[in-house]
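# Observations on the three-dimensional arrangement
The lines below spell out each chain.
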Amino acid sequence: MSDKIIVTGGAGYIGSHTVVELVQAGYEPIIIDNFANAEKSAIHGIQQIVGKEIKLYEGDCNDYSFVRDMLKKEGAIAGIIHFAAYKAVGESVRKPLQYYKNNIGSLLVLLDLMLEFKISKLVFSSSCTVYGQPDELPVTELTPKKPAESPYGNTKQISEEIIEDVVKSPLPIKGIALRYFNPIGAHPSAKIGELPLGVPNNLVPYVTQTASGKLEKITIFGDDYNTIDGTCIRDYIHVVDLARAHVSAIQYLESKNETSLFDLFNVGTGQGNSVLEVIKTFEEVTGLKLNYTIGPRRPGDVEKVYADVSKANRLLHWKTIFTLADALKDAWRWQQTLG
Ligand code: WQD
């Protein structure tokens, strides 16, 4: 009987890839998803990859009785990986209350029920956005957090603090926050990937949709930054590498005998690449020419951020294996399945 892991938002981009890796590591993932930012096709894609049914509870993590009924039904749960959250930075500025209610509310429901059902392990989806524009690079987990630049980023900072406070109280919870850098790419099978609903905000879906002709061109938001080619630098991590970090985090918590602990880890490649380098690498791996222009800077963009990942390497025994080229190749293969 495999250990059951609840994956909230398990039909989403990172969630679906993590569900695949959990099965392949011998766990039984159980998905909770309300499909606010995911499609049922992701469940089908996961099942095609792993060759087995994945249990799904369709509903909202903010719905206390829904989550409680599910936990009563499922019995012993080894841990929870909590992805379910709204994550559009710009939208969070326009709709802050929705973001605080949804992102913080769902965490509070889960923590409450973890205590009632004696579920001790929680892995939380956080973000490098907590660092803002760091004063020093690469960022380590000790790099001071900056005031959040958006309600979305603030929900991640507040959530980390809530988990840490609950762990510090005499309540038996072991929590890990994973601070993602920039997740990109898709499963090499091209059966699951990023489903940007509507016009994408993020760079790589913009690149692949321009390459497919769905979008006319890419606008590079500023080339007058103090970087190698004037465009912003980010740490782009293959989504399968990122997914595997969640399995390593669960295994790390299983290995710790403390009844309470909280820790956080940067999850990136440790390598920074500029926007132009991403575009050039995409052109190299696909042989396509991308239509792009230089536009004005995007408000809120940080100039340069990339991770020091030595702590995750050392303590989680985890490291990335995919390159930027691999991720862009997989992103393009996925885009071609979308037409
Ligand atoms: C990357 C770079 C843009 C689109 C966001 C969130 C962060 C996390 C990851 C959730 C930037 C440039 C982009 C385009 C461009 N999400 N760009 N033209 O902003 O680093 O991070 O997604 O956790 O919280 O903030 O990612 O992909 O939007 O931008 O020039 O059409 O690409 O200016 O330099 P970002 P991104």
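The structure we're discussing is the one just above.
Residues numbered from 1 in each chain as written. Predicted model: local features only at pLDDT ≥ 70, side-chain atom pairs only at ≥ 80, totals over all residues. Heavy atoms only, no water.

## Regarding the overall build of the protein chain
On a plain count of helices and strands, the protein chain comes out with eleven helices and 13 strands. Computed over its C-alpha atoms, the radius of gyration of the protein chain comes to 19 Å, within 12% of the 20 Å expected for a compact globule of 339 residues. Taken over the C-alpha atoms alone, the protein chain extends approximately 55 × 45 × 40 Å along its principal axes. Per-residue burial for the protein chain yields a buried fraction of 54% across its 339 residues. (Helix = DSSP H or I, 4+ residues; strand = E, 2+ residues; numbered from the N terminus. Rg over C-alpha atoms; globule rule 2.2 N^0.38 Å. Buried < 20%, exposed > 50% of the residue type's maximum accessible area, 1.4 Å probe, protein only.)

## Observations regarding the pairing of strand β2 (residues 28-33)
The two faces of a sheet get side chains in turn, since along a regular strand they alternate between them. Buried residues dominate β2, accounting for five of its six residues. As judged from the five bridges shared by strand β1 (residues 4-8) and β2, these two strands associate in the parallel manner. Bridge pairing in β2 links Lys4 to Glu28. Viewed along the sheet, the connection from β1 through helix α1 (residues 13-24) into β2 turns out right-handed. (Pairing = 2+ DSSP bridges. Right-handed = clockwise from strand over helix to strand, strands pointing away.)

## A few points about the sheet that holds strand β5 (residues 121-127)
Across the sheet, seven strands lie side by side as β3-β2-β1-β4-β5-β6-β11; this open sheet has parallel pairing. A strand with exactly one partner marks an edge of an open sheet, and here the two such strands are β3 (55-58) and β11 (261-267). If you compare each strand with its neighbour and ignore which way they point, the axes differ by 20° on average. For β5 and strand β6 (residues 174-180), the ladder comprises seven bridges, and the chain directions are parallel. Looking at β6, one finds that Val123 is bridged to Ile176. Here helix α3 (residues 64-74) sits on the sheet in contact with β1, β2 and β3, set at roughly 155° to β3. (Axes fitted to C-alpha atoms, helices over the stretch in contact; angles between N-to-C directions. Contact = heavy atoms within 4.5 Å.)

## Some remarks on the site of the ligand
The full set close to the ligand counts 18 residues, and Tyr152, Leu203, Thr219, Arg234 and Asp301 are the nearest of them. Contact distances for the ligand include 2.7 Å between an oxygen atom and a backbone N or O atom of Leu203. One of the backbone N or O atoms of Thr219 is found 2.8 Å from a nitrogen atom in the ligand. Relative to its unbound accessible area of 690 Å², the ligand is 90% covered by the protein chains. Among the elements that take part in the shell around the ligand, strand β8 (residues 218-221) stands out by supplying three residues, more than any other. Residues of the shell around the ligand, tallied by class, amount to nine nonpolar, six polar and three charged. (Near = heavy atom within 4 Å. Polar contact = N/O pair within 3.5 Å; in protein donor to acceptor, adjacent residues only side chain to side chain. Areas by Shrake-Rupley, 256 points an atom, 1.4 Å probe, with all protein chains shown as cover. Nonpolar A, V, L, I, M, F, W, Y, C, P; charged D, E, K, R; others polar.)

## Some remarks on the side chain of Gln335
Residue position: Gln335 is located in helix α11 (residues 324-338). Those residues in contact with Gln335 that lie beyond four places of it in its chain are Thr208, Gln209 and Ser212.

## Topic: the packing of aromatic side chains
Under the counting rule described, the total for this entry stands at four aromatic pairs. Relative to Phe265, the ring of Tyr252 lies with its centre 5.8 Å away and its plane at 80°, an arrangement referred to as edge-to-face. A residue pair is termed long-range when its members are at least 10 positions apart, and Tyr252 in helix α8 (residues 239-255) and Phe265 in strand β11 qualify at 13 residues. Given the relative accessible area of 0%, Phe265 is considered buried. The ring of Tyr225 carries Arg297 above its face, with NZ or CZ at 3.9 Å from the centroid. Positioned above the aromatic ring of Phe265 is the side chain of Lys311, whose terminal nitrogen or guanidinium carbon lies 4.8 Å from the ring centre. (Phe/Tyr/Trp six-rings, centres within 6.5 Å; stacked < 30°, edge-to-face > 60°. Lys NZ or Arg CZ within 6 Å of the ring centre and 35° of its normal.)

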